Amino acid sequence: QVQLVESGGGWVQPGGSLRLSCAASGTMFVLNAMGWYRQAPGKQRELVATITEGGSTDYADSVKGRFAISRDNAKNTVYLQMNMMEPEDTAVYYCNADSTYHGGSYDPDYWGQGTQVTVPS
């Protein structure tokens with residue numbers, strides 16, 4: 001069973017930075033696409049960023065210019081570098097992966113447990 005193990009969440013002041021990591025275990029194959037969702041209480045779930053095996057990225061408008069997603073295919077690990085953080089970035093961040101992605105929509109079939117990120121106002 002594929003598991004996604006997240007680390008790096010926590011508390012950061014506005015304007016600061018955090019780097020989230022998510023390592024996939026239980027598979028011998030590189031996951032085709034990986035990404036991050038986030039959700040705050042009372043807010044719609046938001047797809048923050050995705051990255052394909054080949055390194056193509058996509059970002060939500062709310063984080064463009066501030067966040068950067070990257071991956072290490074040898075480790076099946078995805079990272080989310082979050083810079084210039086704002087209180088509205090406060091959410092539970094979920095790592096996820098689409099094991100069968102081949103273009104088009106991103107439809108995760110594996111999910112991490114979520115990690116809390118807090119930016120006080």
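The preceding data block contains the structure.
The rules behind each value
- Residues numbered from 1 in each chain as written.
- Predicted model: local features only at pLDDT ≥ 70, side-chain atom pairs only at ≥ 80, totals over all residues.
- Heavy atoms only, no water.
- Helix = DSSP H or I, 4+ residues; strand = E, 2+ residues; numbered from the N terminus.
- Buried < 20%, exposed > 50% of the residue type's maximum accessible area, 1.4 Å probe, protein only.
- Lys, Arg positive; Asp, Glu negative; His and termini not counted.
- Salt bridge = Lys/Arg side-chain N within 4 Å of Asp/Glu carboxyl O.
- Contact = heavy atoms within 4.5 Å.
- Phe/Tyr/Trp six-rings, centres within 6.5 Å; stacked < 30°, edge-to-face > 60°.
- Lys NZ or Arg CZ within 6 Å of the ring centre and 35° of its normal.
- Pairing = 2+ DSSP bridges.
- Axes fitted to C-alpha atoms, helices over the stretch in contact; angles between N-to-C directions.
- Polar contact = N/O pair within 3.5 Å; in protein donor to acceptor, adjacent residues only side chain to side chain.

Undergrad: Just checking my understanding: could you explain the side chain of Asp98 for this structure?
TA: Checked against the element boundaries, Asp98 lands in strand β9 (residues 91-98). Lacking a salt bridge, the buried Asp98 has Arg71 as its closest oppositely charged neighbour, with an N-O distance of 10 Å. Dropping the residues within four chain positions of it, Asp98 is found in contact with Leu31, Asn32, Ala33, Ser105, Tyr106, Asp107, Pro108 and Asp109.

Undergrad: Just to check I follow, could you spell out the environment of Ile69 for this structure?
TA: Position of Ile69 relative to the elements: it lies in strand β7 (residues 67-72). Sequence separation between Ile69 and Ala24 is 45 residues; the distance between their C-alpha atoms is 15 Å.

Undergrad: What's the story with the environment of Ala97 in this structure? I'm lost.
TA: Inspection of the secondary structure assignment puts Ala97 in strand β9. A sequence separation of 46 residues divides Ala97 from Ile51, and the C-alpha atoms of the two residues are 9.5 Å apart.

Undergrad: How should I be thinking about the packing of aromatic side chains in this particular structure?
TA: Between two aromatic rings, the relevant description is the distance of the centres plus the angle of the planes. By the definition in use, this model includes two aromatic pairs. With a centroid separation of 5.2 Å and an interplanar angle of 35°, the aromatic rings of Tyr37 and Trp111 are classed as tilted. Placement of the pair is Tyr37 in strand β4 (residues 33-39) and Trp111 in strand β10 (residues 110-111), with a sequence separation of 74 residues. Note on Tyr37: relative accessible area 9%, which makes it buried. Here the aromatic rings of Tyr94 and Trp111 are separated by 6.5 Å at their centres, their planes lie at 75°, and the arrangement is edge-to-face. In this pair, Tyr94 is assigned in strand β9 and Trp111 in strand β10, connecting sequence segments 17 residues apart. Linked through ring pairs, Tyr37, Tyr94 and Trp111 together constitute an aromatic cluster. Looking at Arg19, its charged tip hangs above the ring of Tyr79, at a distance of 4.1 Å from the centre.

Undergrad: Help me understand the pattern of salt bridges in this model?
TA: Once their charged atoms are close, side chains differing in charge can pair, the charge on each being opposite to the other. For the structure shown, the criterion picks out five salt bridges. Here Glu46 and Arg38 are joined by a salt bridge, their closest N and O atoms 2.8 Å apart. Taking the relative accessible area as the measure of exposure, Glu46 reaches 24% and is therefore partly exposed. Judged by its relative accessible area of 6%, Arg38 is buried.

Undergrad: It is not clear to me how the sheet that holds strand β3 (residues 18-25) should be interpreted in this structure. Could you clarify?
TA: Across the sheet, four strands lie side by side as β1-β3-β8-β7; this open sheet has antiparallel pairing. Of all the strands in the sheet, the pair left with one neighbour each is β1 (3-7) and β7. Between one strand axis and the next, the sheet turns through 15° on average, direction left out of account. Where β7 lies against strand β8 (residues 77-82), six bridges are found, and the strand directions are antiparallel. Paired with Arg71 across the bridge in β8 is Val78.

Undergrad: Explain the side chain of Thr77 here, please?
TA: Residue placement: Thr77 occurs in strand β8. By relative accessible area, which is 7% here, Thr77 ends up buried. Here the side chain of Thr77 touches Lys75 through a polar contact of 3.1 Å, landing on its backbone oxygen.

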